[in-house]
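# Commentary on secondary and tertiary structure
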Amino acid sequence: MCGFLAEFSFENQACIDLETFENILALSKHRGPDNTSVSKNTNFQLGFNRLAILDISENGNQPKVSPSGRYHMVFNGEIYNFKQLSESYQLNNLNSTSDTEVISHLLDKVGIQKTISLLNGMFAITIIDTQNKLCFLSRDFAGIKPLFYGINENGIVAASQFNQVYKHPWFKNILKLRADTVKEYFGFGYMQAPNTIYHDIYQVNPGELIQIDTFGNLTKTQLVSFKKNNIDTSNSSKVNLEDTLTDAVKRQLISDVSVATFLSGGIDSPLISAYAKKAKPDIEAFTIKVNDPTLNESDIAKSYAEVLQLQQIIVSVEDSDILNSIDNHFYAYTEPFGDYSSIPTYVITREAKSKHTVMLSGDGGDELFYGYPRMRDVLNKRFWFKMPFPIRKLIAKVTNTLGITKTWAPYFKTFDAFVTNKHLHLSQAILDKAFPKVGFSKDMQQLYQFKNTSRKQLLQQLRWNEFYAHMQRILIKVDRASMQHSLEVRVPFLDKKSIEKAWELTSDLKDKTDLKKPLKELLNNEIPESIINTKKMGFSVPLHDWLHTTLKTDVHAHVFDKPFYGESIINVPVLQQYVKDFYDKKHHNSWGVWHIYAWQKWAAIHV
């Protein structure tokens, strides 16, 4: 896990000077504190900050050049099947035992597209083909690792961090906000790939390979994607889910530095920890303890650890420590990010880094195995949208008044709008007032297009949406927080084989106990059902109280007293009034207020 910066200049353009390049590269030093190296060529330069995980010697340093000298590359992430690939393709004369070495040899042997398709891991890669004068960008199939790029008449800049692109000399003086993606930030709380809030700066989509030539021509190829519709399980593999996840955990335990697991009181991380224990008996489990009994899962996690005979580290975190970490945590997010659970995530990963360099997490379980109650709610209310809008509104008004129903679903004009609303933290009405005559981007709209067909088919569409939309926000949160502390977080549920197996499993969620049913059954094989906690708690914070007390002064200072970033494209008084109404107790949407506050904090710190 590392950070990189790459420049690829177009015809008759020069790369920036080395000193400036190194200064921008240094912005991601926390992602890779163990070594920094830069290589420069006629029309490109590559810089790398390394967090040494596999082959921690200097032989594992980057940038890396393929044996033929044709391909120059920088690579952030981990490839879990690199040993198998080395054996399958009989790669000889390897100079290191790192996964990067295997990639560089594969490039010569099978080419770029096939190499990327073969990889099972989390990765962001920039490759320069010096023979054909081409630049390639690619990102893992789940979107775990970030890859930003900017493109204009000078060339292309690719980097692990958003600020390494928008602060680059080719872009910093010509930044122009995109109203549609800024609107999306205020609604959803993050920037959805392939877009960013700036024109000409983008993100590589999960599973995508991008090719750019020296004339600026860009070609995109989707190498890996998971189906949204028409799931056919007739050809499902005979390998069961338990074996699939067990193998994924084994692969992700390979490391030349210390590895541990996160252990909460839920379903996902205990299952990963159980399989990790079998593969590595001395592995430690890491648990956070907080004062608030409604949020503290440490006692449940402790009972899990005892049953699994896990060595457990329980770290107590005081409310004051979390509060005092808020300002520092904003420095980890060099892009606008509005999910306030980033605060405890920042604290958890900081504490974990004091003991270990690599952690296994349970992220991805909810998205792959139907873990969100909102999915079932959508299924149960889809019938309303079989009726014309005026009729369902009238019926709902009567049934709500009589107490037969209690729902706002019929009042949404379209089924897509109903589902979208479940992911918004500022209402569509507020967003439309703040951004008049501006819709969401085409890419975001496509993510929230559904066919209200059979229950199973619709559920598959909802899972696809959770995977390619909501889960991306979760991955951003964890990556930025953990890498601020030079901590690598691996995600066994998002192993390629795990995702493929999960995609074979369907459900109709007719019963609320069906949420994550396959994972609950597997955990029951490891832990007595009587002590399994099925109530989702999570490590959260009392945001509503904090906004009304400790944070109130800072919120007012940033929202009302400082210039509002992007005021030329935002109806700022609408957002300011929304915050004022919160403090006047006209609404209680603390999450929406946080989106507004976090935007201003990001601008004050990073722009």
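The structure this text deals with has already been given above.
Residues numbered from 1 in each chain as written. Predicted model: local features only at pLDDT ≥ 70, side-chain atom pairs only at ≥ 80, totals over all residues. Heavy atoms only, no water.

## What to know about the overall build of the protein
We apply this condition: Helix and strand assignments follow DSSP, with helices taken as H or I runs no shorter than four residues and strands as E runs no shorter than two, numbered in order from the N terminus. Between the two quantities, the radius of gyration covers C-alpha atoms and the globule rule is 2.2 Å times the number of residues to the power 0.38. Any pair of residues with heavy atoms lying within 4.5 Å of one another is described as a contacting pair.
The number of helices and strands found in the protein is 25 helices and 17 strands. At 24 Å, the protein has a C-alpha radius of gyration in line with the 25 Å of a compact globule built from 607 residues. In terms of its C-alpha atoms, the protein occupies a principal-axis envelope of roughly 75 × 60 × 50 Å. Long-range contacts, defined as pairs at least 24 residues apart, comprise 73% of the intrachain contacts of the protein with a sequence gap of at least 6.

## Focus on a nonpolar patch on the surface
Rules: Any residue with relative accessible area above 30% and no salt bridge may belong to a patch, with like charges joined within 9 Å and the nonpolar Val, Leu, Ile, Met, Phe, Trp and Tyr side chains within 5 Å. Residue-level accessible areas treat just the shown protein chains as cover; the underlying method is Shrake-Rupley with a 1.4 Å probe. Here a salt bridge means any side-chain nitrogen of Lys or Arg lying within 4 Å of a carboxyl oxygen belonging to Asp or Glu.
On the surface, L394, V398, L402 and I404 cluster together into a nonpolar patch covering about 430 Å² of accessible area. Within the fold, L402 resides in helix α15 (residues 389-402).

## With respect to the sheet that holds strand β17 (residues 488-490)
Using the following cut-off: Strand pairing follows a simple DSSP-based rule, namely that at least 2 bridges must link the two strands. Lines fitted to C-alpha atoms define the axes here, with helix axes fitted over just the stretch in contact, and angles between the N-to-C directions of these axes take values from 0 to 180 degrees.
Ordered in space as β15-β14-β13-β16-β17, the five strands form an open sheet in which the pairing is parallel. Each edge of the open sheet carries a strand with a single partner, namely β15 (311-317) and β17. Each strand axis lies, on average, 30 degrees off the axis of its neighbour in the sheet, ignoring direction. In the sheet, strand β16 (residues 358-360) pairs with β17 via three bridges, with the strands oriented parallel. Each bridged residue has a counterpart across the sheet, and for V358 the counterpart in β17 is E488. Along the sheet, helix α9 (residues 298-308) makes contact with β14 (284-290) and β15, crossing β15 at roughly 170 degrees.

## A look at the sheet that holds strand β11 (residues 208-213)
Think of a sheet as strands paired side by side through backbone hydrogen bonds, with each pair either parallel or antiparallel. Pairing is antiparallel across the open sheet formed by six strands, whose spatial order is β4-β5-β6-β7-β11-β12. Each edge of the open sheet is held by one strand with a lone partner, namely β4 (64-65) and β12 (218-222). Note: strand β7 (residues 134-139) against β11, five bridges, orientation antiparallel. The residue bridging L137 from the neighbouring strand is I210, located in β11. The sheet strands contacting helix α3 (residues 99-110) are β4, β5 (71-79) and β6 (121-129), and the helix crosses β5 at an angle near 135 degrees.

## Quick word on the packing of aromatic side chains
Going by this rule: For Phe, Tyr and Trp, where Trp contributes only its six-membered ring, two rings pair if their centres lie within 6.5 Å, and the inter-plane angle classes them as stacked under 30 degrees, edge-to-face over 60, or tilted in between. Exposure is judged per residue with a 1.4 Å probe applied to protein chains only, and the accessible area is read against the type maximum: over 50% gives exposed, under 20% gives buried, and values in between give partly exposed.
Tallied over the entire structure, the rule returns 37 aromatic pairs. Pairing Y166 with W602 gives two aromatic rings, centres 6.2 Å apart and planes at 80 degrees, and the pair type is edge-to-face. Here the residue Y166 occupies a position in helix α5 (residues 162-166), and W602 occupies one in helix α25 (residues 590-606), the gap between them amounting to 436 residues. Taking the relative accessible area as the measure of exposure, Y166 reaches 3% and is therefore buried. According to the relative accessible area criterion, W602 is buried, its value standing at 2%. Where F330 meets W594, the ring centres are 5.6 Å apart and the plane angle is 20 degrees; that geometry is what we call stacked. Of this pair, F330 sits in helix α11 (residues 326-330) while W594 sits in helix α25; the two residues are 264 residues apart in sequence, bridging distant segments of the chain. Like F330, the residue W594 is buried in the burial classification.

## Observations concerning unusual backbone geometry
In this chain, Q62 is followed by P63 through a cis amide linkage whose omega measures 5 degrees. Mapped onto the secondary structure, P63 falls in the loop between β3 (44-50) and β4. Omega for the peptide link from A193 to P194 comes to 15 degrees, which places this bond in the cis form.

## Digging into helix α24 (residues 572-583)
So the rule is basically this: Expected span of a helix, by definition, is 1.5 Å for each gap between consecutive residues, and there is one gap fewer than residues.
Taking 1.5 Å per residue as the helical rise, α24 with its 12 residues ought to reach 16 Å, and the 17 Å between its terminal C-alpha atoms agrees with that figure. Among the 12 residues in α24, nine count as buried, and that is most of the element. Among all positions of α24, only V572, V574, L575, Q576, Y578, V579, D581, F582 and Y583 are buried. Where α24 is buried, its residues touch α6 (179-188), α17 (428-434), α22 (543-548), α23 (552-561) and α25. Trailing α24 by a residue or two, K585 shows a phi angle of about 60 degrees, which is positive.

## Digging into the pattern of salt bridges
Under the defined criterion, the tally for this structure stands at 27 salt bridges. The partner of R480 in a salt bridge is E335, and the shortest N-O contact between them spans 2.7 Å. You can see R480 sitting in helix α19 (residues 455-484) and its partner E335 sitting in the loop between α11 and α12 (342-353), a full 145 residues away along the chain. For the pair R480 and E335, one class covers both residues: buried.

## Regarding helix α14 (residues 373-381)
To be explicit about the condition: Directions from the helix axis toward the C-beta atoms define the arc.
Taken residue by residue, α14 has M375, V378 and L379 as its buried positions. Down the axis, α14 shows its buried residues gathered within 100 degrees of arc, on one side only. Looking at the buried residues of α14, the elements they touch are α16 (415-421) and α19.

## Considering the nonpolar core
Selection rule: Nine residue types can take part in a nonpolar core, namely buried Ala, Val, Leu, Ile, Met, Phe, Trp, Tyr and Cys, and a core is a set of them joined through side-chain atoms within 4.5 Å.
L137, F186, F467, L494 and W594 are the most contacted members of the largest nonpolar core, which has 196 residues in total. Per element, the largest residue contribution to this core is 13 residues, and it comes from α19. Filtering out sequence-adjacent residues up to four positions away, F186 remains in contact with L426, L431, F435, F564, I570, L575, H595, I596 and W599.

## Structural notes on the environment of G265
Structurally, G265 is set in the loop between β13 (259-262) and α8 (268-279). Classification of G265 as buried rests on a relative accessible area of 0%. C-alpha separation for the pair G265 and V102, spaced 163 residues apart in sequence, amounts to 38 Å. If sequence neighbours within four positions are ignored, G265 has contacts with E297, I300, A301, Y304 and N533.

## Some details on the packing of helix α7 (residues 241-252) against helix α20 (residues 496-504)
Here is the rule: Geometric relationships in this document are graded by angle, where less than 35 degrees denotes roughly parallel, more than 145 denotes roughly antiparallel, 65 to 115 denotes roughly perpendicular, and other angles denote oblique. Crossing handedness is read from the near helix: turned anticlockwise from the far helix by less than a right angle, it gives a left-handed crossing, and turned clockwise, a right-handed one.
At a minimum axis distance of 9 Å, the contact between α7 and α20 shows a crossing angle of 165 degrees. Put simply, α7 runs roughly antiparallel to α20. As for the relative orientation of α7 and α20, their crossing is left-handed in sense. Taken together, the residues of α20 that come into contact with α7 (itself represented by L241, T244, L245, A248 and R251) are K497, S498 and K501.

## Observations concerning empty space enclosed by the protein
Where empty space is left becomes clear once a probe the size of a water molecule has been rolled over the atoms. Defined as follows: A pocket, in this scheme, is an open set of points on a 1 Å grid over the protein atoms alone with protein on both sides within 12 Å along at least 5 of 7 lines, while a cavity is a set where a 1.4 Å probe fits but cannot get out; residues line either one if an atom lies within 4 Å of a point. Grid points are joined across faces, edges and corners, and a volume is the space filled by probe spheres set on the points. Residue polarity is assigned by list, with Asp, Glu, Lys and Arg as charged and Ala, Val, Leu, Ile, Met, Phe, Trp, Tyr, Cys and Pro as nonpolar; anything else, Gly included, falls into the polar class.
Under the defined criterion, the tally for this structure stands at eight cavities of 30 Å³ or more. Reported here for the largest cavity is a volume of approximately 110 Å³. Around the largest cavity, the lining comprises 15 residues; the ones closest to its centre are C2, R50, L51, D99 and T100. Of all the secondary structure elements, the ones that give two or more residues to the lining of the largest cavity are β3, β5 and α3. Tallying contributions element by element places β5 first for the lining of the largest cavity, with three residues. Looking at the lining of the largest cavity residue by residue, the classes come out as seven nonpolar, five polar and three charged. Quantified by volume, the second largest cavity comes out at close to 70 Å³. I144, L475, V478, D479 and V489 are, among the 10 residues lining the second largest cavity, the residues nearest its centre.

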